[in-house]
Structure formats: structure tokens, C-alpha cells
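Each chain, written out:
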Amino acid sequence: QQQVKQSPQSLIVQKGGISIINCAYENTAFDYFPWYQQFPGKGPALLIAIRPDVSEKKEGRFTISFNKSAKQFSLHIMDSQPGDSATYFCAASTAWGKLQFGAGTQVVVTP
Amino acid sequence: KAGVTQTPRYLIKTRGQQVTLSCSPISGHRSVSWYQQTPGQGLQFLFEYFSETQRNKGNFPGRFSGRQFSNSRSEMNVSTLELGDSALYLCASSLGGDQETQYFGPGTRLLVL
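Read on for an overview of the structure. (Residues numbered from 1 in each chain as written. Chains lettered and ligands numbered in written order. Predicted model: local features only at pLDDT ≥ 70, side-chain atom pairs only at ≥ 80, totals over all residues. Heavy atoms only, no water.)

## Things to note about the overall build of chain A
Alright, step 1. Across its full length, chain A carries zero helices and 11 strands.
Alright, step 2. Along chain A, from the amino end to the carboxyl end, the secondary structure elements read β-β-β-β-β-β-β-β-β-β-β.
Alright, step 3. Here the C-alpha atoms of chain A give a radius of gyration of 13 Å, agreeing with the 13 Å that 2.2 N^0.38 yields for 111 residues.
Alright, step 4. Within chain A, buried positions represent 43% of all 111 residues.
Alright, step 5. A separation threshold of at least 6 residues defines the contact pool for chain A, and within that pool the share at least 24 residues apart is 53%.
Alright, step 6. Surface accessibility of chain A: about 5,400 Å² in total, with carbon and sulfur atoms responsible for 50%.
Alright, step 7. Of the side-chain charges in chain A, 10 are positive and 7 negative, and the distance between the mean point of each set is 4 Å. (Helix = DSSP H or I, 4+ residues; strand = E, 2+ residues; numbered from the N terminus. Rg over C-alpha atoms; globule rule 2.2 N^0.38 Å. Buried < 20%, exposed > 50% of the residue type's maximum accessible area, 1.4 Å probe, protein only. Contact = heavy atoms within 4.5 Å. Areas by Shrake-Rupley, 256 points an atom, 1.4 Å probe, with all protein chains shown as cover. Lys, Arg positive; Asp, Glu negative; His and termini not counted. Charge placed at Lys NZ, Arg CZ, Asp CG, Glu CD.)

This is how it looks when you write it as C-alpha cells:
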């Protein structure tokens, strides 16, 4: 079963808008939450990551919000650009090398 | 630094055959993880190797196996291929500590006919 639930499956946003992707988890042992971006024909690339002792982390236009009590975390892409059109995956980890991925969100940014 | 490289990039096999995929990690990285990516199941963890030892394993049948060499390069083997094994196989390398960033290769696309 999917240990990390991701939504929405896809979203369309206008250039300059905000893209929001949500993830939820059940396993409270997860202690590392990265987000990956994947373009067609490429492997996933790390975008930003957070640990559960931090409620928010911002890197450029990308922000992770983390709610430990609700077991939810989300990615906000501010000022979305056409180059941000990609599939985004949230993930969670408890142990070496084993990332549990969400199902992915296909983001399309229209000009 | 060169990134993670995977060979071959594309492969076509028939049911019942076996296949070996190769992964060369980033120089200095000692951990290699393997993932299967399919449209239906998404990204699923296969196994992780560190210093030639399997440290972690996902929920895949025994037909899926791997190994790591002393230079950290890793191979993944799938025996008795099934149609459902058609997927993009990704490997990722990291330094090997807990919560280290995993850097993914471009993947090997396997088609089983």
C-alpha cells in the first residue's frame, strides 16, 4: 500500500501563479522528507528536503511546509514558470537509502 | 563531478529471459539504491547497498537481486522476466549516511515482450 499519499495527481497553473502539492503519511517513524522533480526522460532530482523538527523551509521559489501533528507536508512553488513544468514527487524515509515515494503530481505551467 | 551513470539506457527482452543492469555511482559515494518506476505503481524501492552489503530491501520477489562491487559500482539482476517487469529502473547514489541526498541516474528502460 502507498505509505505516502500525494495529491493532486495533476495541476495546471498560469505563469506567475502558485502551485501547491500536498502529501500525507501514516508512519511516524519517517524522519526525512525530500521532494524530487522529474522531467521526461530524466531521473528524479532533489528539489528541497525537510526534517520533522522544522515546520517550514524555503529555497528560492520553493517552500516546504511541514505539520508533524497532522502528518502532512506540502510543496509550494511560487511565481511558477513554464520551466517548472514537470512531475513532482514527495518522499519519506526512515532508514538508509529507502525512500517511499508518493504517486507524483504532474504540473503544467501555462504561459 | 560526473553524475550517476546507468547502462544500458534501453533494453528489450522476452519473457523468461534474465537481464543485468549496471550503475556507476558518483565518485566517492558508497551507497547505491535501486528503484522501479512504472505508470501504475510509481517509484518503488528495490534495495540498497553500502560497502558491498545489502542494508535495506523492498518488497520485490527473489527474482530481483543485486550486488555491489568494491569500487561501489552496482548491478541489478532480474531473472525469469515477466511482462510486468517492464519499467524504468533507476539507481541513486549517496554518501551513505542516514538522510543523505540521493542522486539519481537517468535510468534503464526495460521492455519485456
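## Focus: the overall build of chain B
Alright, step 1. Of regular secondary structure, chain B possesses zero helices and 11 strands.
Alright, step 2. If you list the helices and strands of chain B from N to C, you get β-β-β-β-β-β-β-β-β-β-β.
Alright, step 3. Taken along its principal axes, the extent of the C-alpha atoms in chain B is 35 × 25 × 25 Å.
Alright, step 4. A total of 113 residues make up chain B; the buried ones form 51% of that total.
Alright, step 5. Counted over contacts in chain B with a minimum sequence separation of 6, partners at least 24 positions apart contribute 54%.

## Digging into a nonpolar patch on the surface
Alright, step 1. On the surface, A:I18, A:I20 and A:M78 cluster together to form a nonpolar patch covering roughly 240 Å² of accessible area.
Alright, step 2. In this fold, A:I20 is placed in strand β3 (residues 19–25). (Patch = residues over 30% accessible without salt bridge, like charges linked within 9 Å, V, L, I, M, F, W, Y side chains within 5 Å. Salt bridge = Lys/Arg side-chain N within 4 Å of Asp/Glu carboxyl O.)

## Some remarks on the nonpolar core
Alright, step 1. Judged by nonpolar contacts, the single largest core of 24 residues is most densely connected at A:F33, A:W35, A:F73, A:L75 and A:Y88.
Alright, step 2. Mapped onto this core, the elements with two or more residues apiece are β2 (10–14), β3, β4 (33–38), β5 (45–50), β7 (62–67), β8 (72–77), β9 (86–93) and β11 (105–110) of chain A.
Alright, step 3. At four residues, the largest contribution of residues to this core is made by β9(A).
Alright, step 4. With near-sequence residues (within four places) excluded, A:F33 lies in contact with A:Y25, A:I48, A:A49, A:I50, A:P52, A:I64, A:F66, A:F73, A:A91 and A:A92.
Alright, step 5. Counting 21 residues, the second-largest nonpolar core is a separate cluster that includes B:L46, B:F60, B:L81 and B:L110. (Core = buried A, V, L, I, M, F, W, Y, C linked by side-chain atoms within 4.5 Å.)

## Examining the side chain of A:T63
Alright, step 1. Summarising the element assignment, A:T63 is placed in strand β7.
Alright, step 2. For A:T63, the residues in contact, after removing those within four places along its chain, are A:E56, A:K57, A:K58, A:S74, A:L75 and A:H76.

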